[in-house]
Amino acid sequence: MLITCPYCGPRDVIEFTYQGDGNRERPDPASQNFEAWNAYVYDRLNPAGDHNEIWQHSGGCRAHLRVVRNTLTHEISSVAFVRGDHSSAARRKAEDKP
Amino acid sequence: MAERQSPLEPEFHVGSHGNFEHGVEILLTETRPGSIVQLAAWPGEEKKLMAAIRAVSGLALPDGAGGGLSDGAKSVFGFAPGKFTVTDEAEGLAAAFAKAVTPAIGTVTDLSHGRTAIRIAGPKAEWVLSKFFAIDFVLPAFPVGAGRSTTHHDVFAQIQRTGTDQFDIYVFRSFARSFWKALCHASEEVGYEVQ
Ligand SMILES: [Zn+2]
């Protein structure tokens, strides 16, 4: 499986660390809403198809990435920085081409 | 300044090795820069950091991921969004950057004692490195001056191409000797010279 890091380009999955379900929304740390915390910790969509995931390019640029991966085919349809403010970090166009 | 000891020393054997009867096709050496500095910009401050790099080192970074250049003595390359490695043959680079990179722009981390710089050169350099790293080493994909962050068996490595058939590899000092030994083994079949 290859993940195309927006900074580094296509890299083997061995360079990445899975950081969990990208659909989770962490409640405010001060929240006493136990249902919200329970949902954050345990509730998962577990879709057979496209899934929002967080991956870290731990063996590369170390950026955290939002990845949409198909759980049936492992096809990756989208990769973006979790933090959207890396304006000048986009890969050079010439290097984008396979 | 005190002479810095090389972590490679017990395994650093100057001369020709391996299958070199038909000539050596790989040159291996340790570049031993006096300074290795890592710079990181806060969000939105990357352009100011690049200007500071230009002011201190005289090197004008190109835009784009992994962009970099070298003037022979000093080198710089991007290795992550908003993050750059700068090296210099001379010591004192971290102190110079500590003045130029204000707390509002970003951070300066002195890695001069934390990384070991290994240079691999020669017509088979791409070929040997391809045995280590699952990245594209051909010139159009990895231009001269550019940098890459990648991993060899969980050993993090930063690689800068400093010539058409020359690469500088920065590895953790504590892993440097085993990485060096592996690099020597991988170069044996084409013949290599340690300088
Ligand atoms: Zn990356």
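Rules and cut-offs
Residues numbered from 1 in each chain as written. Chains lettered and ligands numbered in written order. Predicted model: local features only at pLDDT ≥ 70, side-chain atom pairs only at ≥ 80, totals over all residues. Heavy atoms only, no water. Helix = DSSP H or I, 4+ residues; strand = E, 2+ residues; numbered from the N terminus. Buried < 20%, exposed > 50% of the residue type's maximum accessible area, 1.4 Å probe, protein only. Contact = heavy atoms within 4.5 Å. Areas by Shrake-Rupley, 256 points an atom, 1.4 Å probe, with all protein chains shown as cover. Salt bridge = Lys/Arg side-chain N within 4 Å of Asp/Glu carboxyl O. Pairing = 2+ DSSP bridges. Axes fitted to C-alpha atoms, helices over the stretch in contact; angles between N-to-C directions. Domains from an automatic or database assignment. Core = buried A, V, L, I, M, F, W, Y, C linked by side-chain atoms within 4.5 Å. Donors = N, O, S within 2.8 Å, 3.2 Å for Na, K, Ca; no water. Tetrahedral: all angles 85-135°; square planar, octahedral: opposite > 155°, others 65-115°. Polar contact = N/O pair within 3.5 Å; in protein donor to acceptor, adjacent residues only side chain to side chain.

With an unreviewed UniProt entry as reference, chain A is termed Sarcosine oxidase subunit delta, source organism Mesorhizobium salmacidum.

## Side note on the overall build of chain A
Within chain A one finds 2 helices and 6 strands. Secondary structure of chain A in N-to-C order comes out as β-β-β-α-β-β-β-α. Classification of the 98 residues of chain A by burial places 37% in the buried group. When contacts within chain A are restricted to residue pairs at least 6 apart in sequence, those whose partners lie at least 24 apart make up 47%. As displayed, chain A offers around 6200 Å² of accessible surface, 52% of which is attributable to carbon and sulfur atoms.

## Considerations on the pattern of salt bridges
Residues and elements named next belong to chain B. Evaluated as defined, the whole model comprises 9 salt bridges over all chains. A salt bridge links Lys-48 to Glu-45; the nearest nitrogen and oxygen atoms lie 3.2 Å apart. Lys-47 is the salt-bridge partner of Asp-63, the closest N and O atoms lying 2.5 Å from each other. With a gap of 16 residues between them, Asp-63 in the loop between helix H1 (46-57) and strand S4 (68-70) and Lys-47 in helix H1 connect regions that are remote in the sequence. With relative accessibility at 47%, the residue Lys-47 sits in the partly exposed group.

## Thoughts on the sheet that holds S4 of chain B
Residue and element names in this part refer to chain B. Taking strand neighbours across the sheet as the criterion, the 5 strands line up as S4-S5-S6-S3-S7 in an open arrangement whose pairing is antiparallel. With partners counted over all chains shown, the strands left at the sheet margins are S4 and strand S7 (106-110), one partner each. Direction aside, the axes of adjacent strands within the sheet are offset by 20 degrees on average. Across 6 bridges, the pairing between strand S5 (residues 74-80) and strand S6 (residues 83-88) is antiparallel. Within S6, the residue paired with Phe-77 across the bridge is Thr-85.

## Quick word on the domain arrangement of chain B
Domain annotation of chain B identifies domain 1 (9-32 + 114-140 + 168-194) and domain 2 (35-110). The straight-line distance from the C-alpha centre of domain 1 of chain B to that of domain 2 of chain B is 26 Å.

## A look at the nonpolar core
Core analysis: the biggest nonpolar cluster contains 28 residues, and Leu-28, Ile-120, Phe-133, Ile-169 and Leu-183 of chain B have the highest contact counts within it. Contributing elements (two or more residues each) for this core: strand S2 (26-30), strand S8 (115-121), helix H3 (125-130), strand S10 (155-163), strand S11 (166-172), helix H4 (173-187) and strand S12 (192-194) of chain B. For this core, the element with the highest residue contribution is H4 of chain B, accounting for 6 residues. Not counting chain neighbours up to four residues away, the residues in contact with Leu-183 of chain B comprise Leu-28, Ile-118, Ile-120, Val-128, Leu-129, Phe-132 and Ile-169 of chain B. Judged by nonpolar contacts, the second largest core, of 19 residues, contains Trp-55 and Cys-61 of chain A together with Phe-79 and Tyr-170 of chain B.

## What to know about the coordination of the zinc ion
Residues and elements named next belong to chain A. Around the zinc ion, the protein contributes the donor atoms Cys-5 (SG), Cys-8 (SG), His-57 (ND1) and Cys-61 (SG), which lie 2.0 to 2.5 Å from the metal centre. Between the 4 donor atoms coordinating the zinc ion, the angles at the centre fall across 102 to 120 degrees, so the site counts as tetrahedral. Coordination of the zinc ion draws on donor residues from a single chain, spaced C-x2-C-x48-H-x3-C in sequence. Taken together, the positions of Cys-5 in strand S1 (residues 2-5) and Cys-61 in the loop between strand S4 (50-56) and strand S5 (64-70) put the pair 56 residues apart, joining distant regions of the chain. A single burial state applies to Cys-5 and to Cys-61, both of which are buried.

## Describing the environment of Arg-69 of chain A
All names here are of chain A. Assignment of secondary structure puts Arg-69 in strand S5. Owing to a relative accessible area of 14%, Arg-69 belongs among the buried residues under this scheme. The spacing of Arg-69 and Ile-3 is 66 residues in sequence and 9.6 Å in space, taken between C-alpha atoms. Once you skip the residues sitting within four places of it in the chain, Arg-69 turns out to touch Met-1, Gly-49, Asp-50, His-51, Glu-53, Trp-55, His-74, Glu-75 and Ile-76. A distance of 3.0 Å separates a polar atom in the side chain of Arg-69 from a polar atom in the side chain of His-74.

## Focus: unusual backbone geometry
With a phi close to 70 degrees, Arg-62 of chain A is a non-glycine residue in the positive phi region. One can find Arg-62 of chain A in the loop between S4 and S5. Taking the relative accessible area as the measure of exposure, Arg-62 of chain A reaches 46% and is therefore partly exposed. Phi at Asp-154 of chain B takes a positive value of approximately 70 degrees, unusual for a residue other than glycine. A relative accessible area of 70% places Asp-154 of chain B in the exposed class.

## Focus on the side chain of Thr-85 of chain B
All names here are of chain B. Assignment of secondary structure puts Thr-85 in strand S6. A relative accessible area of 3% means that Thr-85 is categorised as buried. Among the polar contacts listed, one links the side chain of Thr-85 to the side chain of Gln-158, at a separation of 2.7 Å. The contacts of Thr-85, once residues within four sequence positions are left out, are Ile-36, Val-37, Ser-75, Val-76, Phe-77, Phe-79 and Gln-158.

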